[in-house]
Amino acid sequence: MIKKYNDFMDMTVWQKAFGLLREVYKIIRSFPTGEKFALTDDLRRATNSCVHNIAEGYGRFEARDKTRFYEISRGSCAYEAISQILVAEAENYTTAEIAENLIVRYKNVIEN
């Protein structure tokens, strides 16, 4: 059954992704300045893409268009952001605990 929303901000998946975006922004503030135009920028873009493609998909009228944007969002948060979080952990820019928490929560976004 397809649930109807009054606004994209009512969507649980958008709310979860937005909360993660805000958390990632806080975490990347502690990344080395040398990563400003590398991993920091890539992770910021991936998390933004996840949130904003959900919003854009909501605004599309055709089911095919909606699906396309939701799939882009899924790829951005599931695979791109998670991969970048793993790099941040491997480089000791964040702890294993923080990385695992983010990964589990991004996987939860994907499942919605």
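Structure first, text after, so check above.
These numbers were taken from a predicted model, which means no experiment stands behind them.

**Thoughts on the pattern of salt bridges**
Part 1 of the reasoning: Enumeration over the complete set of coordinates arrives at four salt bridges.
Part 2 of the reasoning: Residue E23 pairs with R105 through a salt bridge whose shortest N-O separation is 2.6 Å. One end of the pair, E23, is in helix α1 (residues 12-28); the other, R105, is in helix α4 (residues 96-111), and 82 residues separate them in sequence.
Part 3 of the reasoning: Judged by its relative accessible area of 26%, E23 falls in the partly exposed class.
Part 4 of the reasoning: Linked by salt bridges that have partners in common, D41, D42 and R45 make up one network.

**Section: α1**
Part 1 of the reasoning: Between the first and last C-alpha of α1 there are 24 Å, a value that for 17 residues agrees with the 24 Å anticipated at 1.5 Å per step.
Part 2 of the reasoning: Among all positions of α1, only V13, W14, A17, L20, L21, V24, I27 and I28 are buried. Within α1, the buried residues cover an arc of 140° as seen down the axis, which keeps them to one side.
Part 3 of the reasoning: On the buried face of α1, the contacting elements are α2 (39-59) and α4.

**Things to note about the packing of aromatic side chains**
Part 1 of the reasoning: Under the counting rule described, the total for this entry stands at four aromatic pairs.
Part 2 of the reasoning: A ring pair is formed by F8 and W14, whose centres lie 5.3 Å apart and whose planes are at 75°; its orientation type is edge-to-face.
Part 3 of the reasoning: Arranged with centres 4.8 Å apart and planes meeting at 15°, the rings of W14 and F18 form a pair that is stacked. Of this pair, W14 and F18 are both found in helix α1, four residues apart, which corresponds to roughly one turn of the helix.
Part 4 of the reasoning: For W14, a relative accessible area of 11% corresponds to the buried category.
Part 5 of the reasoning: A relative accessible area of 32% means that F18 is categorised as partly exposed.
Part 6 of the reasoning: Feature note: the residues F8, W14, F18 and Y58 constitute an aromatic cluster, connected by ring pairs.
Part 7 of the reasoning: One cation-aromatic arrangement involves R44 over Y25; the distance from NZ or CZ to the ring centre is 5.4 Å.

**A word on the packing of α1 against α4**
Part 1 of the reasoning: Between α1 and α4, the shortest axis-to-axis distance is 9 Å and the interhelical angle comes to 160°. Between α1 and α4, the crossing angle belongs to the class labelled roughly antiparallel. Note on packing geometry: the crossing formed by α1 with α4 is left-handed. When α1 is examined against α4, the residues V13, K16, A17, L20, L21, E23, V24 and I27 are found in contact with a partner set consisting of I98, N101, L102, R105, Y106, N108 and V109.
Part 2 of the reasoning: Looking at the contact of α1 with α4 residue by residue, the classes come out as 10 nonpolar, two polar and three charged.

**With respect to the nonpolar core**
Part 1 of the reasoning: Membership of the largest hydrophobic core comes to 29 residues, with the highest contact counts inside it found for F31, L43, I85 and Y106.
Part 2 of the reasoning: The set of elements that each furnish at least two residues to this core consists of α1, α2, α3 (63-90) and α4.
Part 3 of the reasoning: Considering every element that reaches this core, the biggest residue donor is α1, with eight residues.

Definitions and limits used
Residues numbered from 1 in each chain as written. Predicted model: local features only at pLDDT ≥ 70, side-chain atom pairs only at ≥ 80, totals over all residues. Heavy atoms only, no water. Salt bridge = Lys/Arg side-chain N within 4 Å of Asp/Glu carboxyl O. Helix = DSSP H or I, 4+ residues; strand = E, 2+ residues; numbered from the N terminus. Buried < 20%, exposed > 50% of the residue type's maximum accessible area, 1.4 Å probe, protein only. Expected span 1.5 Å × (residues − 1). Arc of directions from axis to C-beta. Contact = heavy atoms within 4.5 Å. Phe/Tyr/Trp six-rings, centres within 6.5 Å; stacked < 30°, edge-to-face > 60°. Lys NZ or Arg CZ within 6 Å of the ring centre and 35° of its normal. Axes fitted to C-alpha atoms, helices over the stretch in contact; angles between N-to-C directions. Parallel < 35°, antiparallel > 145°, perpendicular 65-115°, else oblique. Left-handed = near helix turned anticlockwise from the far one by under 90°. Nonpolar A, V, L, I, M, F, W, Y, C, P; charged D, E, K, R; others polar. Core = buried A, V, L, I, M, F, W, Y, C linked by side-chain atoms within 4.5 Å.

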